[in-house]
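Given next are the chains, with one letter for each unit.
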Amino acid sequence: MITLYQFQFSHFCEKARWALDYKSIPYIRKNLLPGLHTKVAKKLAPGSCLPIIVDNGTVVQDSTCIITFLDEKSPDRLLTPLDAREAKEALEWEEYLDDEIGVPLRLWFYYHALPDRDCALRFLLDGAPWYGRPLFALIYPKVRAAMTTEMSINAESAQQSKDRLVAALDKLDGALKERRFLVGDRFSRA
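Residues numbered from 1 in each chain as written. Predicted model: local features only at pLDDT ≥ 70, side-chain atom pairs only at ≥ 80, totals over all residues. Heavy atoms only, no water.

Undergrad: Could you clarify how one ought to interpret the environment of Tyr22 in this entry?
TA: Along the chain, Tyr22 turns up in helix H1 (residues 11-22). Residues Tyr22 and Cys65, spaced 43 residues apart in sequence, show a C-alpha to C-alpha distance of 16 Å. Among all residues touching Tyr22, those that are not within four sequence positions of it are Arg77, Leu78, Leu79, Arg186 and Phe187. (Helix = DSSP H or I, 4+ residues; strand = E, 2+ residues; numbered from the N terminus. Contact = heavy atoms within 4.5 Å.)

Following this line, the structure appears as structure tokens:
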């Protein structure tokens, strides 16, 4: 059975969950704690980012790579279109949405949420192991500082992220104006 290492709150992890659910592939969730996740992630894969899946010894990191792996593993409900042009377009949309909505949304949200300790803890600890709450009561200032530094979270970057996010959502709205799906006529990785 596949094990998904994730943050419950992450939209990139949610993308992996959607793919697993869409393909009706059973999996076990392992919710990790932000900051402390790096030890587990780096043991499994080269980077510290989540999601990561482990399937019978095969380790796949990053939601985009996970979708590609799942399409190869379970081709009966493909998320990548069979048509080469549509497949290319779906991958381009996926990359665009990750870069122009996923990343800016995360930074903008953290800029506003991290200063409110209670709000941030409710969010960051959603689905986390039981020991997360008492541990984060002690280490939250260090986690907040590390996240702020690692992601370059500040007023200027938050405004830039908001501007990118609004522009990307406008582009997405425009693309969906005359059609139900971004690519082709069915649900895909786009």
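Next, the rest of the story.
Undergrad: What is the right way to look at the state of the cysteines in this model?
TA: Here is the idea: a disulfide is a covalent bond, and it sits between the sulfur atoms of two cysteines. All chains considered together, the criterion is met by zero disulfides. Cys13 forms no disulfide, and the closest cysteine sulfur to it belongs to Cys49, at a distance of 8.8 Å. Accessibility expressed as a relative area gives 0% for Cys13, which makes it buried. With no disulfide partner, Cys49 has as its closest neighbouring cysteine sulfur the one in Cys65, 8.7 Å distant. (Disulfide = S-S within 2.5 Å. Buried < 20%, exposed > 50% of the residue type's maximum accessible area, 1.4 Å probe, protein only.)

Undergrad: Help me understand the pattern of salt bridges, please; the structure alone is not making it clear to me.
TA: Where charged atoms from two side chains of opposite charge come close, those side chains can pair. Overall, the coordinates contain nine salt bridges when judged by the stated rule. Residue Lys23 is joined to Asp71 by a salt bridge in which the shortest nitrogen-to-oxygen separation is 2.9 Å. Of this pair, Lys23 sits in the loop between H1 and strand E2 (27-31) while Asp71 sits in helix H3 (residues 63-73), placing them 48 residues apart in sequence. In this pair, the class of Lys23 matches that of Asp71, namely buried. Among the ionic pairs, Glu94 bridges to Arg189, the shortest N-O distance being 2.5 Å. With Glu94 in helix H4 (residues 84-113) and Arg189 in the segment after helix H7 (155-175), the pair connects residues that are 95 residues apart, well separated along the chain. (Salt bridge = Lys/Arg side-chain N within 4 Å of Asp/Glu carboxyl O.)

Undergrad: So what exactly am I meant to see when it comes to the pairing of strand E3 (residues 52-55) here?
TA: Side-chain positions along a regular strand alternate between the two faces of the sheet. Neither face of E3 is open: one carries Ile52 and Val54, the other Ile53 and Asp55, and all of them are buried. Note that strand E1 (residues 2-6) and E3 share three bridges and pair antiparallel. Pairing of Tyr5 across the sheet is with Ile52, part of E3. Bridge count for E3 against strand E4 (residues 58-61) is four bridges, and the pairing is antiparallel. Bridged to Val54 within E4 is Val59. What sits between E3 and E4 in their antiparallel hairpin is a turn of two residues, with Asn56 showing a positive phi close to 50 degrees. (Pairing = 2+ DSSP bridges.)

Undergrad: Got a minute to help me understand the nonpolar core in this structure?
TA: Most often, soluble globular proteins have nonpolar side chains that are buried together. The biggest cluster of nonpolar side chains holds 25 residues, and the ones touching the most others in it are Leu50, Ile52, Tyr110, Leu114, Leu124, Phe136 and Tyr140. Taken together, the elements giving at least two residues each to this core come down to E3, H4, helix H5 (117-124) and helix H6 (132-150). Tallying contributions element by element places H6 first for this core, with four residues. Residues within four places of Leu114 in sequence aside, it is in contact with Ala120, Leu124, Tyr140, Arg144, Met147, Thr148 and Ile153. (Core = buried A, V, L, I, M, F, W, Y, C linked by side-chain atoms within 4.5 Å.)

Undergrad: Got a minute to help me understand the packing of aromatic side chains in this structure?
TA: The geometry of two aromatic rings is summed up by the distance between their centres and the angle between their planes. The final tally for this structure, using the stated rule, is eight aromatic pairs. On the numbers, 5.9 Å between centres and 85 degrees between planes, the contact of Trp93 with Tyr96 is edge-to-face. Taken as a pair, Trp93 and Tyr96 lie in helix H4 at a separation of three residues, close to a single helical turn. Overall, Trp93 belongs to the buried group, its relative accessible area being 10%. (Phe/Tyr/Trp six-rings, centres within 6.5 Å; stacked < 30°, edge-to-face > 60°.)

Undergrad: Got a minute to help me understand the packing of H5 against H6 in this structure?
TA: H6 packs onto H5 with a crossing angle of 105 degrees between their chain directions and a minimal axis gap of 11 Å. Viewed along their axes, H5 and H6 adopt a mutual orientation that is roughly perpendicular. Mapping the contact onto sequence places Arg117, Ala120, Leu121, Arg122 and Leu124 in H5 and Arg133, Phe136, Ala137, Tyr140, Pro141 and Met147 in H6. Counted by class, the contact of H5 with H6 contains eight nonpolar, no polar and three charged residues. (Axes fitted to C-alpha atoms, helices over the stretch in contact; angles between N-to-C directions. Parallel < 35°, antiparallel > 145°, perpendicular 65-115°, else oblique. Nonpolar A, V, L, I, M, F, W, Y, C, P; charged D, E, K, R; others polar.)

Function-wise, these values are silent; they only describe arrangement.
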